[in-house]
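Letter by letter, the chains look like this.
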Number of protein chains: 2
Amino acid sequence: MLGTEQKRRSSLAEQTAHQLVEMIQKNEYKPGEKIPTEMELAEKLNVSRSTVREAVKQLAARNVLVIQRGRGTYVAKHPGRVKDDPLGLEYVQDKKKLFADLLSVRMVLEPWIAEEAARNASERDVEVIRQLCDEVEALILRGESHIAQDVKLHTAIARSTKNMVAPLLVPIINRSVSLFGELSNNALGQETIETHREISDAIARHDPAAARRAMEAHIVFNRDNISLILSEDQLRPGE
Amino acid sequence: MLGTEQKRRSSLAEQTAHQLVEMIQKNEYKPGEKIPTEMELAEKLNVSRSTVREAVKQLAARNVLVIQRGRGTYVAKHPGRVKDDPLGLEYVQDKKKLFADLLSVRMVLEPWIAEEAARNASERDVEVIRQLCDEVEALILRGESHIAQDVKLHTAIARSTKNMVAPLLVPIINRSVSLFGELSNNALGQETIETHREISDAIARHDPAAARRAMEAHIVFNRDNISLILSEDQLRPGE
């Protein structure tokens, strides 16, 4: 059990954390910027330094602040965003069903994303997409893992939609790439290169229908081939 | 700077945390179950009790373990899942654009979800959906906030698809409900009740096309009315 003194301080720290969150939401402290020192904040918010320290720790655990030892405390570049599996998918036992279900969701979202990307991509977006296409291709040809760059490519496509939610969802649902990615590296290499090129070419010439079709082909191709490799019918998501 | 001794212990704790994660992934310790005591784990993993304590703390911060004071430590019911805004949407400055973009994503995902729910919902699923429909209706008629139950209803529909990813995404993208939900409570009440009924009726009679149409109508209706209330053209997502 916490002592009374500890409890009081903990709830004060929570209040202080809440105040800091509000200041960040009001853009008083901006993403990526340094916040004032412990001492300055303690004075400003009229609490003790140890309360500020506890509040800052709580917000660091929630990815809102980043503590850089010896340099100070910063607002995270993307406050509150949990990278790296916020849905806890790595703890799912039935990996084959998870893979099939992720692909079903990708099959709904990503063709729409490709279409919107073809509508809204800037010159610069197209450059970034082409660059990532090249990087994925080079990694496949060298027989190295292309998973991280593959997810970056799909995220860059989502970013060029200009929808702010799509690029946040893509890394989450693209965990299907890494689930069986290593397994399929060689078998799917050439086709991955070609379908990626088709998607980025369609986006580059701002052809939404072609971008949608190319993305559909890319995902269907992945699904069917992995399912063949694993020789398991249950991998095929119900349609 | 951390001292050498502290560094050594911290990396040992990380290794221990990793070992615990692997045991959970292998289902040695199951979701919701109690794990052995600090002393038992220290013996089993051949580390000190303070290393175990630090590892457990790290995993609690990552929502993998739940420490219940005086009762012991449990594997989380959904290990690693971050509830409550894992995308950090509450820190987005442009709430109107966020609202429009969330609705665009819902417009892609949720009609498909309704369709799949109509295909795969069990008797029990239909009961739960109808029950939540009733609860949302009662709250609206009493003039109380229906946001939490509204999100539960949409999540229950997603759960009846039997796709394991869909019900994890729905609470995230349904933050659009709470963004302007209170604002529109009265204006949209009757229509929300009716469109929810149409969706659940279509699911109950296992009619995928009707379920899709009803969900589309529900989301379009919400989008158009909120945009009317706010009288801002930029709210309308580009289609």
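Preceding this paragraph is the structure being described.
Notes on the structure in this doc start here. (Residues numbered from 1 in each chain as written. Chains lettered and ligands numbered in written order. Predicted model: local features only at pLDDT ≥ 70, side-chain atom pairs only at ≥ 80, totals over all residues. Heavy atoms only, no water.)

## As for the overall build of chain A
Looking only at helices and strands, one finds 10 helices and two strands in chain A. If you list the helices and strands of chain A from N to C, you get α-α-α-β-β-α-α-α-α-α-α-α. Expressed as a percentage of its 239 residues, the buried residues of chain A come to 49%. The contacts of chain A with a sequence gap of at least 6 include a subset with a gap of at least 24, amounting to 69%. Accessible surface, chain A as shown: approximately 11900 Å² in total, 49% of it carbon and sulfur. (Helix = DSSP H or I, 4+ residues; strand = E, 2+ residues; numbered from the N terminus. Buried < 20%, exposed > 50% of the residue type's maximum accessible area, 1.4 Å probe, protein only. Contact = heavy atoms within 4.5 Å. Areas by Shrake-Rupley, 256 points an atom, 1.4 Å probe, with all protein chains shown as cover.)

## Brief notes about the interface of chain B and chain A
Interface extent is often summarised as the accessible area lost during association of the parts. Taken together, the contact pairs 41 residues of chain B with 42 residues of chain A. Across the interface of chain B and chain A, roughly 3700 Å² is buried in total on both sides, 68% from carbon and sulfur atoms. Interface area lost by chain B to chain A is led by Leu87(B), Tyr91(B) and Met164(B), which between them contribute 20%. The interface formed by chain B and chain A includes zero salt bridges. Where chain B meets chain A, there are 12 residue pairs in polar contact (both at pLDDT 80 or more). For the side of chain B that touches chain A, the secondary structure elements donating two or more residues are helix 1 (4–25), helix 4 (95–120) and helix 7 (166–173) of chain B. The dominant element in the side of chain B that touches chain A, judged by the number of residues it contributes, is helix 4 of chain B, at 10 residues. In terms of residue class, the side of chain B that touches chain A is made up of 23 nonpolar, eight polar and 10 charged. (Buried area = accessible area lost by both parts, 1.4 Å probe. Salt bridge = Lys/Arg side-chain N within 4 Å of Asp/Glu carboxyl O. Polar contact = N/O pair within 3.5 Å; in protein donor to acceptor, adjacent residues only side chain to side chain. Nonpolar A, V, L, I, M, F, W, Y, C, P; charged D, E, K, R; others polar.)

## Section: helix 5 (residues 123–141) of chain B
All names here are of chain B. For helix 5, built from 19 residues, the straight-helix expectation of 27 Å at 1.5 Å per residue is met to within 8% by its first-to-last C-alpha distance of 27 Å. Among the residues making up helix 5, those that are buried are Asp125, Val126, Ile129, Leu132, Cys133, Val136, Leu139 and Ile140. The buried residues of helix 5 occupy one face: seen down the axis, they fall within an arc of 150 degrees. Every exposed residue of helix 5 that faces more than 90 degrees away from the buried side is listed here: Glu123, Arg124 and Leu141. One or two steps after helix 5, the chain reaches Gly143, where phi turns positive at roughly 75 degrees. (Expected span 1.5 Å × (residues − 1). Arc of directions from axis to C-beta.)

## What to know about the nonpolar core
Within the largest apolar cluster, 86 residues are counted, with the highest numbers of intra-cluster contacts made by Leu109(A), Ile157(A) and Ile157(B). Residues within four places of Ile157(B) in sequence aside, it is in contact with Ile113(B), Ala114(B), Ala117(B), Ile129(B), Ile199(B), Ile203(B) and Met215(B). (Core = buried A, V, L, I, M, F, W, Y, C linked by side-chain atoms within 4.5 Å.)

## Digging into the pattern of salt bridges
Taken as a whole and judged by the stated rule, the model has 34 salt bridges over all chains. For Lys97(A), the salt bridge identified is with Asp101(A), shortest N-O distance 2.6 Å. Of the two residues, Lys97(A) and Asp101(A) both sit in helix 4 (residues 95–120), four residues apart, roughly one turn of that helix. On the accessibility criterion, Lys97(A) (31% relative accessible area) is partly exposed. For the salt bridge of Glu115(B) with Arg212(B), the shortest nitrogen-to-oxygen distance reads 2.3 Å. Here Arg212(B) lies in helix 10 (residues 208–230) and Glu115(B) lies in helix 4, a separation of 97 residues in the sequence. Judged by relative accessible area, Glu115(B) falls into the buried class, the value being 16%. By relative accessible area, which is 28% here, Arg212(B) ends up partly exposed. What emerges from the salt-bridge pattern is a single network uniting Glu115(A), Glu116(A), Arg119(A), Arg212(A) and Glu216(A).

## As for the side chain of Asp125(B)
Residue and element names in this part refer to chain B. Relative to the helices and strands, Asp125 resides in helix 5. We classify Asp125 as buried; its relative accessible area is 16%. A polar side-chain atom of Asp125 sits 2.9 Å from the main-chain amide nitrogen of Ser122. The contacts of Asp125, once residues within four sequence positions are left out, are Asn120, Ser160 and Lys162.

## Observations regarding the packing of helix 4 of chain A against helix 6 (residues 147–159) of chain A
All names here are of chain A. The geometry of helix 4 relative to helix 6 is characterised by a closest axis approach of 8 Å and an angle of 55 degrees between their N-to-C directions. Our classification of the angle between helix 4 and helix 6 gives oblique. Across the interface between the two elements, Arg106, Glu110, Ile113, Ala114 and Ala117 from helix 4 touch His154, Ile157 and Ala158 from helix 6. Partitioning the contact of helix 4 with helix 6 into residue classes produces five nonpolar, one polar and two charged. (Axes fitted to C-alpha atoms, helices over the stretch in contact; angles between N-to-C directions. Parallel < 35°, antiparallel > 145°, perpendicular 65-115°, else oblique.)

## With respect to the pairing of strand 2 (residues 72–75) of chain A
Residues and elements named next belong to chain A. Pairing between strand 1 (residues 65–68) and strand 2: four bridges, direction antiparallel. Bridge pairing in strand 2 links Ile67 to Thr73. Between strand 1 and strand 2, which pair antiparallel in sequence order, lie three residues; one of them, Gly70, sits at a positive phi of approximately 80 degrees. (Pairing = 2+ DSSP bridges.)

## Some details on a positive patch on the surface
Residue and element names in this part refer to chain A. Taken together, Lys77, Lys83, Lys152 and Arg159 make up a surface patch of like positive charges. Within the fold, Lys77 resides in the loop between strand 2 and helix 4. On the basis of relative accessible area, Lys77 is assigned to the exposed category, the value being 68%. (Patch = residues over 30% accessible without salt bridge, like charges linked within 9 Å, V, L, I, M, F, W, Y side chains within 5 Å. Lys, Arg positive; Asp, Glu negative; His and termini not counted. Charge placed at Lys NZ, Arg CZ, Asp CG, Glu CD.)

## Regarding the relation of the copies chain B and chain A
Once turned by 180 degrees and shifted 0.1 Å along the axis, chain B lies on chain A with an RMSD of 0.1 Å. One copy is carried onto the other by what is essentially a two-fold rotation axis. A high fraction, 100%, of the interface residues of chain B reappear at the interface in chain A, so the copies pair face to face through one surface. (Least-squares fit on C-alpha atoms with pLDDT ≥ 70 in both.)

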